[in-house]
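# Geometric and topological summary
The primary structure of each chain is shown beneath.
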Amino acid sequence: MTQDEMKKQVARAALEYVDVGGIIGVGTGSTANHFIDALAEIKHKIDGAVASSEVTAMRLKSHGIDVIDLNSAGDLSVYVDGADESTRFLHLVKGGGGALTREKIVAAASKTFVCIADDSKLVDILGEFPLPIEVIPMARSYVARQIVKLGGDPVLREEFTTDNGNIILDVHNLQIMEPVKMEAQLNNIAGVVTNGLFAIRPADVLLLGSKDGVKTIT
């Protein structure tokens, strides 16, 4: 079974968490895209979806799924999204696609966060995947200097602007031993919009695609 087939497998498994007649949050990325494609088959059972990025909104609309503004939707029953890394404690690194801020907002507004990924994303310690940080452009150099003090190696994501009009610094060489503490510490740097650690509000369920089928970690 290929990695892509594993992603499709968990995307379909996540449909079990979709409430009939509700509005759901949908993430961004290749695994989330497979979920959107699967969701299209039961779109008549939901009232619509809140998208975590413009790209996701376009894909939802292409399937005829109503896209609803979060301000109008209110609290959501479930949010389904992928991850770049996850631990067994359901702490995540996200933001490889650059949508981390909106992803974090939609996750925060959702009762249940279902993370879907293939089993290569499961790690013991976060940080091998560079940690994305969304930064106000004028603060780029200042934020980078503060990150260096924390032991990270920040690299500007070239020719990339977030849906919010900001930049991304990808931080290499961080071994994230205390994800909750690190998330708060990074967010307290002036000029940081948010970072790609999802530990203060982690996933509630992790569905992992593997050659042996879908594994559930809660």
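Everything quoted here is computed from the prediction, not taken from an experiment.

Conventions used here
- Residues numbered from 1 in each chain as written.
- Predicted model: local features only at pLDDT ≥ 70, side-chain atom pairs only at ≥ 80, totals over all residues.
- Heavy atoms only, no water.
- Core = buried A, V, L, I, M, F, W, Y, C linked by side-chain atoms within 4.5 Å.
- Buried < 20%, exposed > 50% of the residue type's maximum accessible area, 1.4 Å probe, protein only.
- Helix = DSSP H or I, 4+ residues; strand = E, 2+ residues; numbered from the N terminus.
- Contact = heavy atoms within 4.5 Å.
- Axes fitted to C-alpha atoms, helices over the stretch in contact; angles between N-to-C directions.
- Parallel < 35°, antiparallel > 145°, perpendicular 65-115°, else oblique.
- Left-handed = near helix turned anticlockwise from the far one by under 90°.
- Nonpolar A, V, L, I, M, F, W, Y, C, P; charged D, E, K, R; others polar.
- Phe/Tyr/Trp six-rings, centres within 6.5 Å; stacked < 30°, edge-to-face > 60°.
- Lys NZ or Arg CZ within 6 Å of the ring centre and 35° of its normal.
- Pairing = 2+ DSSP bridges.
- Arc of directions from axis to C-beta.

Okay, the nonpolar core next. Membership of the largest hydrophobic core comes to 25 residues, with the highest contact counts inside it found for Phe35, Leu39 and Ile116. Considering every element that reaches this core, the biggest residue donor is helix H2 (residues 30-39), with four residues. Ignoring anything within four residues of it in the chain, the contact list for phenylalanine 35 reads Ala11, Ala14, Leu15, Val18, Ile24, Val26, Val80 and Ile116.

For the rest of this paragraph, the subject is the packing of helix H1 (residues 3-13) against H2. The N-to-C vectors of H1 and H2 enclose an angle of 50°; their axes lie 8 Å apart at closest approach. With respect to their mutual orientation, H1 and H2 come out oblique. Considering only the axes of H1 and H2, their crossing is right-handed. Taking contact as the criterion, the partners of Asp4, Lys7, Lys8, Val10, Ala11 and Arg12 in H1 are, on H2, Ser30, Thr31, His34, Phe35 and Ala38. Considered class by class, the residues forming the contact of H1 with H2 number four nonpolar, three polar and four charged.

In total, this model carries two aromatic pairs according to the counting rule given. With a centroid separation of 5.1 Å and an interplanar angle of 45°, the aromatic rings of tyrosine 79 and phenylalanine 113 are classed as tilted. With tyrosine 79 in strand E3 (residues 76-81) and phenylalanine 113 in strand E6 (residues 110-118), the pair connects residues that are 34 residues apart, well separated along the chain. In this pair, the class of tyrosine 79 matches that of phenylalanine 113, namely buried. Taken together, the aromatic side chains of Tyr79, Phe113 and Phe198 make up a single cluster linked through ring pairs. Taking the ring centre of phenylalanine 198 as reference, the NZ or CZ of lysine 94 above it sits at 5.5 Å. Its guanidinium or amino end placed over the ring of phenylalanine 160, arginine 157 lies 5.2 Å from that ring's centre, counting from NZ or CZ.

Glancing now at the sheet that holds strand E12 (residues 205-210). The mixed open sheet is built from six strands, whose spatial order is E2-E1-E3-E6-E12-E13. Each edge of the sheet is formed by a strand with only one pairing partner; in this case those strands are strand E2 (48-51) and strand E13 (213-217). With direction set aside, neighbouring strand axes in the sheet form an average angle of 25°. Looking at chain direction, E12 and E13 are connected through five bridges and run antiparallel. Across the sheet, residue glycine 209 finds its bridge partner in E13, namely valine 214. Sheet contacts for H2: strand E1 (23-26), E3 and E6; angle to E1, the most-contacted strand, approximately 150°. Its contacts with the sheet put helix H3 (residues 54-62) on E1 and E2, and the angle it makes with E2 is roughly 160°.

Before going further, it helps to examine helix H6 (residues 140-149). When we look at burial in H6, the residues that qualify are Val143, Ala144, Gln146 and Ile147. Relative to the axis of H6, the buried residues are bounded by an arc of 165° and lie together on one face. On its buried face, H6 sits against strand E7 (131-135), strand E8 (153-156), strand E9 (167-172), helix H7 (179-187) and strand E10 (192-195). Two residues or fewer after H6 comes glycine 151, characterised by a positive phi angle close to 100°.

Once that is clear, we can look at the pairing of E3. Burial runs high along E3: five of the six residues are buried. Of the pairings in the sheet, the one linking E1 to E3 comprises two bridges and is parallel in character. Counterpart to glycine 25 in the pairing with E3 is tyrosine 79. Sheet analysis places E3 next to E6, joined by five bridges and oriented parallel. The residue bridging tyrosine 79 from the neighbouring strand is phenylalanine 113, located in E6.

What follows deals with the sheet that holds strand E4 (residues 85-86). If you walk across this open sheet you meet the three strands as E4-E5-E11, and the pairing is antiparallel. Each end of this open sheet is capped by a strand with a single partner; those strands are E4 and strand E11 (197-198). Note: strand E5 (residues 92-93) against E11, two bridges, orientation antiparallel. Among the inter-strand pairings, valine 93 is bridged to a residue of E11, identified as leucine 197.

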